[in-house]
Structures are given as structure tokens and as C-alpha cells.
Amino acid sequence: MPPNELPDVSNLVIAAQDDNPTYSATTIGNRGPNSTHGSGSTIVLSPQIHDETRQESRYGEPHQSAGFWDPRMKNIRRQVIFEWARMLVTLTIFIIGVLSLYWAVLFHVDKNIPTLTVHVVDFDAQVAPYDNVTPIVGPAVTAAALQMHNSPTQRSLGYTFVPPSRYAFDPIAVRQAVYDWDAWAAIIVHANATALLQEAVFTGNASYDPTGAVQFIIQSARQESTYYTYIVPQLQALARQFAAQFGPTWVQTVMSNDSIPRDVLARAPAAVNPGVTPLQIDLRPFQPATATPSVTIGLIYLIIVAFFSFSFFLPIHMKFVTPKGHPPLHFWQLILWRLGATIATYFFVSLTYSFVSLAFQIPFWPGPGSPTEPAFNATAYGRGSFVVYWMVNFIGMNALGIACENVAMIIGQPWTAAWLIFWVITNVATSFYSLDLAPGFFKWGYAWPLHHVVQASRQILFDLHSEIGLNVGVLFAWAAVNVSLFPLCCYFMRWKQERGQRQAQRDAEFYTVYDAVAEDQKKYVPKEKGALPPVRKRGFMRGV
């Protein structure tokens, strides 16, 4: 044929091609001596499938959208509406079941007001040398408290009339009982109440103080909302009722006594009217105001930060098992790394959280005060209080946060948000309000972690009656259970992820694996359409 003449192709026949792509599975071990891989166990897919797939995607028609009522949308429309309705019902039940816990904790407050015990102790004329005086102040206070206790119009505090002998006739022992949480409050009528009042009237004592005879003992730092909402208002009502009953009677008694010169009465007006005014003594005032977040709302953010550390750090941790230029880390070592990194995270985050309280000048440096005298800004451990406060927050984050990690690995998205709501509400409902006022159903709240974080924080910041051994013990128990469950939850999450991947590859004609030697390369292995990929073998089963 001449050099410039084209060949005759009229007799050539184009071979028919199968519409389905064909696979040529080869093993690395059969590549010959020039192969760069020495493993005989990894299966690779022939490049032919990639060429055909690219040709089909290149010339195939693009998807076209359709209207909502298009007949072709019938099945998917029905499926979406059903799943939406099912999710709506689930959320409705969740809202009713979980959010109701927050409302329910205060549902029986009026009914349970009597659980707030107030000890009424009348020492008037009970102790020498005043035992030869006919008491009038003590019986008047007792009568007013009894009238409040038997009021048919409103629930009253749990007034308990305690004989002075129970406290060895010592008023200081009554204060100690309030400090030790034997009672929420106490009413003390001193032994010389009547004697000093009568002496002031008869002698014209101008220095007589009407507030010294009767004392109301409280400690608002124990639970400020309970005191300011329920206890203090009723004690103030009792003081007004006592003044309304005792004042006129006492003035009438004094003015009707002709043996007392009027100029003597003029020198002691306070002894005539009001005569006696109850004095409220707060052994541990709740202050400063910036302490409120440290024992209430601020602790919600401690839960939230502990919860979101899972989503913040998990992608970083999983780089160990994603082969990109390195082999995947042993899974058990990944578990140890994650657990250690999580605890270290809580260590520094809890320190940062504690620094916020310090930055706003919550006093951590004053020492403890007397349990029977008012102490302002007293702390339990002096200059060591901040370290103890930090450690309580740290242990609390482990108790609260690792539980969130475990649950997040088990239930996954989107249910982790529902878990966060449940975890916050159940902890807040049993921590920020007095469980003495809650229905009996909430007794489980005494075992919840945030309840003990709050109690320990109050004890540290306000030098309250200490139960920190119990508080820290419960938090350590929560942390120990969480840590013991952590590896199981990690393995469960891996199993669930691999199961989901196998289900997603059911309808594919191949599945992917990482090359055992070239760790950062994926290999495509052919399989029958509709069949699940094989379960990945681990450990000594890897060779089976």
C-alpha cells in the first residue's frame, strides 16, 4: 500500500460490549516478581471498572427535580410524612416525660412545707437565777408559733416545740443544731427574756435592747432560695403576729401598774413599746452575689462543656485509626488514649471554670468561722479552699462528662441532644432546689452527681456543715462506673459504625478496604450486588 493511502476499514466489525461492567479480580501475590506489594491477601479491582464508570457518568442524563405531588414522589412522600409524624410523636412524649420532671420537683411544695422543721425552744424562766420569775415572753412566742402551726388558711413551717432539756438548757446548742442541719431554723427565747424586760420597766433602763430576748436562727447559704422564699417570710409573719398580740397586752399591763412612776417609764421607752422584737441571726449569709453561678446556673455549663468535649475531640482522636501515611493504631490503645485525654481535658477545663469564680472575687482566702456565730465570707479550708473547689469540679466533670461520652457512643446522633436535655434537667431539678420540698419520687436525686457537686461547693464556699466525704465518695463512684463502661461503649460504637458501613455497601457492586501495606490507599473489592461485605476479622482471626 502506498504510504499516503488510508487503509480500508469497511470490513471491520465492532465487537459488542456488555452493558454490565466486568471485574477482573487479582491478588497482589500474582503480580509477578516486579510487583511492589508482597501481600497475597489484599484483593484489588481492575482499572476497567473506573473507565466504564467514568464513561457512563459522563454521558448519562442528569437528575431532574419533580413537584411535591408528582406521582413518582408517592412512595417517598408517604415515607417522609410517616417518619416525620413518628419523630413528632417521639419528641412529644419526650417533652412530656422529661421536661415534666423540672415542673414536678416543685409540684408539692405547699404540701411539703412542714418538712422544713423549725425548733421552738423556750428557755424563759427555765434556768437559774431566772427560774423564780413568772414567764410572759416565752409563752407568748410559743402561742404565736402554735397559732401559725395550726393555721387553717395556709401551710406553715414544721414548728417543733423542743424542751430546753434536750439542749442541756444551752441556747448555743440550739444554734449548733441549726448549723448541723438538725433543723432548718430555730426560735430561741432566752432565759432572762421576761426578767430583763420587767427590770427595764421598773428601773427605767434606757439601754434596754428589745431585740435580745427572742432570736430567729437561720443559715441562708444552705439553700438561699428555700430560705428567702419559704422560711424567712413565715418567720417575719410570725414576728408580726407576735408583736400584734404581745405588744398591746404588755403596754396595757405596764400602764395599768400604778406602782411604776411615769418618769421611770419615760426613761425606758423601748421596754414599754415594743418591749420585745425578735432578732434574726443568719449564721452563714449567702454572699457575695457572684457566688450564685458557682452553686446554681454556672454548673449547667459545666455539664454542657463536658458533653460537647466528645464532639470537639473525637475527630481528633479518630485520626489515629484513619490510615493516612501511617498504620492504624491498635484499638485498645486508642481507648486508653481517649480515656486519658478526656480526663486530662476535664482537669484543665475544670481549672479554667474554677478560675472564673476566682476572677470575679469570690473570696477563697478567709478561714472558717464559728459554727454558732454569724460568719461573713467564711470558707471551709482557708487559702486551700480554691484547690478543694477545683478538685470537686474536676471529679464532678468526670462523673458528668464520661457518662455523656458513654451515652453518645451508644445512642449516636441525633439522640445525643435528647440525652443532654435529660441529663441537664434531672441534675438541675435535684440540685438547685431542696429535695425536702420535692415529692418522694425524687429521692433518687440524692444519688445524682450534680447534687453532690452543689453540696460540696456550698460547704467549701460558705463553711457549712461538712458532708464532703459523702459528696466526693458519690462522685468517685460515678466516675469509676463511667470509666469501667468506657471501653465497652467504645467497642460498641465501632461495631455499630462498621455495621452501618456494611449496610450502606449492600447495594454496591464492590466494597472498599485499606491496603495492608500502602496504608493511605483504598482498594475496591468486587462482590455480588445485594450481598453484605464480609465481617472484618480482628486479632488472631485476621488470617482466617
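Remember, predicted model here, so these are calculated numbers, not experimental data.

Chemist: Which parts of the structure should I look at to understand the pairing of strand β4 (residues 158-161)?
Modeler: Across a regular strand the side chains alternate sides, sitting on one face of the sheet and then on the other. With four bridges joining them, strand β3 (residues 117-122) and β4 adopt parallel strand pairing. Within β4, the position partnered with Val 120 by the bridge is Phe 161. What joins β3 to β4 is helix α4 (residues 137-149), and the crossover it makes is right-handed.

Chemist: Before we go on, may I ask you to explain the state of the cysteines in this structure?
Modeler: Such a bond, covalent and formed between the sulfur atoms of two cysteines, is termed a disulfide. Overall, the coordinates contain zero disulfides when judged by the stated rule. Not part of a disulfide, Cys 489 finds its nearest cysteine sulfur in Cys 490, a span of 7.1 Å. Residue class for Cys 489 comes out buried when judged on its relative accessible area of 7%. Taking the relative accessible area as the measure of exposure, Cys 490 reaches 1% and is therefore buried.

Chemist: Where do I start with empty space enclosed by the protein in this structure?
Modeler: Rolled over the atoms, a probe as big as a water molecule pinpoints where empty space is left. According to the stated counting rule, one finds four cavities of 30 Å³ or more in the structure shown. The calculated volume of the largest cavity comes to roughly 70 Å³. Elements represented by at least two residues in the lining of the largest cavity include exactly α11 (298-317) and α12 (331-359). Grouping the constituent residues of the lining of the largest cavity by class yields four nonpolar, four polar and two charged.

Chemist: I tried to follow the packing of aromatic side chains on my own but got confused; where do I start?
Modeler: How two aromatic rings sit relative to each other is set out by the distance from centre to centre and by the angle between their planes. Scanning all chains against the criterion turns up 27 aromatic pairs. Considering the side-chain rings of Trp 419 and Phe 422, the 5.7 Å spacing of their centres and the 40 degrees angle between planes classify their relative orientation as tilted. Taken together, the positions of Trp 419 and Phe 422, both in helix α14 (residues 415-429) and three residues apart, correspond to about one turn of that helix. On the basis of an interplanar angle of 80 degrees and a centroid distance of 6.1 Å, the ring pair of Phe 441 and Trp 444 is categorised as edge-to-face. Under the relative-accessibility criterion, Phe 441 is labelled exposed at 53%. Ring-pair connections join several aromatic residues into one group, and the members of that group are Trp 419, Phe 422, Trp 423, Phe 441, Phe 442, Trp 444, Trp 448 and Trp 478. Across from the ring centre of Phe 68, 5.7 Å away, lies the NZ or CZ of Arg 77, which sits over that ring.

Chemist: Is there a simple way to think about the nonpolar core in this case?
Modeler: Buried together is how nonpolar side chains tend to be arranged in soluble globular proteins. With 58 residues, the main nonpolar core has Trp 423, Leu 450 and Phe 462 as its most contacted residues. Contributions of two or more residues to this core are made by α11, α12, α13 (385-411), α14, α15 (449-462) and α16 (468-504). Considering every element that reaches this core, the biggest residue donor is α13, with 15 residues. Beyond its immediate sequence surroundings of up to four residues, Leu 450 is in contact with Leu 299, Ile 303, Leu 400, Asn 427, Val 428, Ser 431 and Phe 432. Core analysis: the second largest hydrophobic core is formed by 43 residues, Ile 218, Leu 238, Trp 250 and Ile 260 among them.

Chemist: Could you clarify how one ought to interpret the packing of α13 against α15 in this entry?
Modeler: Two quantities define a packed helix pair, namely the angle between the axes and the distance from one axis to the other. Contact geometry for α13 and α15: axes closest at 10 Å, N-to-C directions at 175 degrees. What the angle tells us is that α13 and α15 run roughly antiparallel. Every residue of α15 that contacts α13 at Ser 385, Val 388, Tyr 389, Val 392, Asn 393, Gly 396, Ala 399 and Leu 400 is listed here: Pro 449, Leu 450, Val 453, Ala 456, Ser 457, Ile 460 and Leu 461. Class assignment of the residues belonging to the contact of α13 with α15 gives a composition of eleven nonpolar, four polar and no charged.

Chemist: Hey, could you run me through the environment of Arg 222 in this one?
Modeler: Its location among the elements puts Arg 222 in the loop between β6 (214-218) and α7 (224-255). Through-space distance from the C-alpha of Arg 222 to that of Leu 464 is 7.0 Å; in sequence the pair is 242 residues apart. Non-local contacts of Arg 222, meaning those with residues more than four positions away in its chain, are made with Trp 181, Ala 183, Trp 184, Tyr 227, Asp 436, Arg 458 and Leu 464.

Chemist: What's the story with α11 in this structure? I'm lost.
Modeler: Working note: α-helix, 3.6 residues per turn, so residues spaced by three or four point in the same direction. With 20 residues, α11 should reach 28 Å at 1.5 Å per residue; the first-to-last C-alpha distance of 29 Å fits that figure. Listed in full, the buried residues belonging to α11 are Gly 298, Leu 299, Ile 300, Leu 302, Ile 303, Ala 306, Phe 307, Ser 309, Phe 310, Leu 314 and His 317. Against α10 (292-295), α12, α13, α14 and α15 lie the buried residues of α11.

Chemist: Quick question: what am I supposed to make of the confidence of the model for the protein here?
Modeler: As a note on interpretation, predicted positions should not be read in detail where pLDDT is low. Here the protein averages 83 in pLDDT, while 81% of its residues score no lower than 70. Predicted confidence is poor over residues 53-58, with pLDDT under 50, and the contacts of this stretch with residues over four places away or in other chains come to zero contacts. Below pLDDT 50 for its whole length, residues 539-544 participates in three contacts with residues either more than four positions away or in separate chains.

Rules of the game
- Residues numbered from 1 in each chain as written.
- Predicted model: local features only at pLDDT ≥ 70, side-chain atom pairs only at ≥ 80, totals over all residues.
- Heavy atoms only, no water.
- Pairing = 2+ DSSP bridges.
- Helix = DSSP H or I, 4+ residues; strand = E, 2+ residues; numbered from the N terminus.
- Right-handed = clockwise from strand over helix to strand, strands pointing away.
- Disulfide = S-S within 2.5 Å.
- Buried < 20%, exposed > 50% of the residue type's maximum accessible area, 1.4 Å probe, protein only.
- 1 Å grid on protein atoms, 1.4 Å probe; cavity = no way out; pocket = protein on both sides within 12 Å on 5 of 7 lines; lining within 4 Å.
- Points joined across faces, edges and corners; volume = space filled by probe spheres on them.
- Nonpolar A, V, L, I, M, F, W, Y, C, P; charged D, E, K, R; others polar.
- Phe/Tyr/Trp six-rings, centres within 6.5 Å; stacked < 30°, edge-to-face > 60°.
- Lys NZ or Arg CZ within 6 Å of the ring centre and 35° of its normal.
- Core = buried A, V, L, I, M, F, W, Y, C linked by side-chain atoms within 4.5 Å.
- Contact = heavy atoms within 4.5 Å.
- Axes fitted to C-alpha atoms, helices over the stretch in contact; angles between N-to-C directions.
- Parallel < 35°, antiparallel > 145°, perpendicular 65-115°, else oblique.
- Expected span 1.5 Å × (residues − 1).
- pLDDT = per-residue confidence, 0-100.

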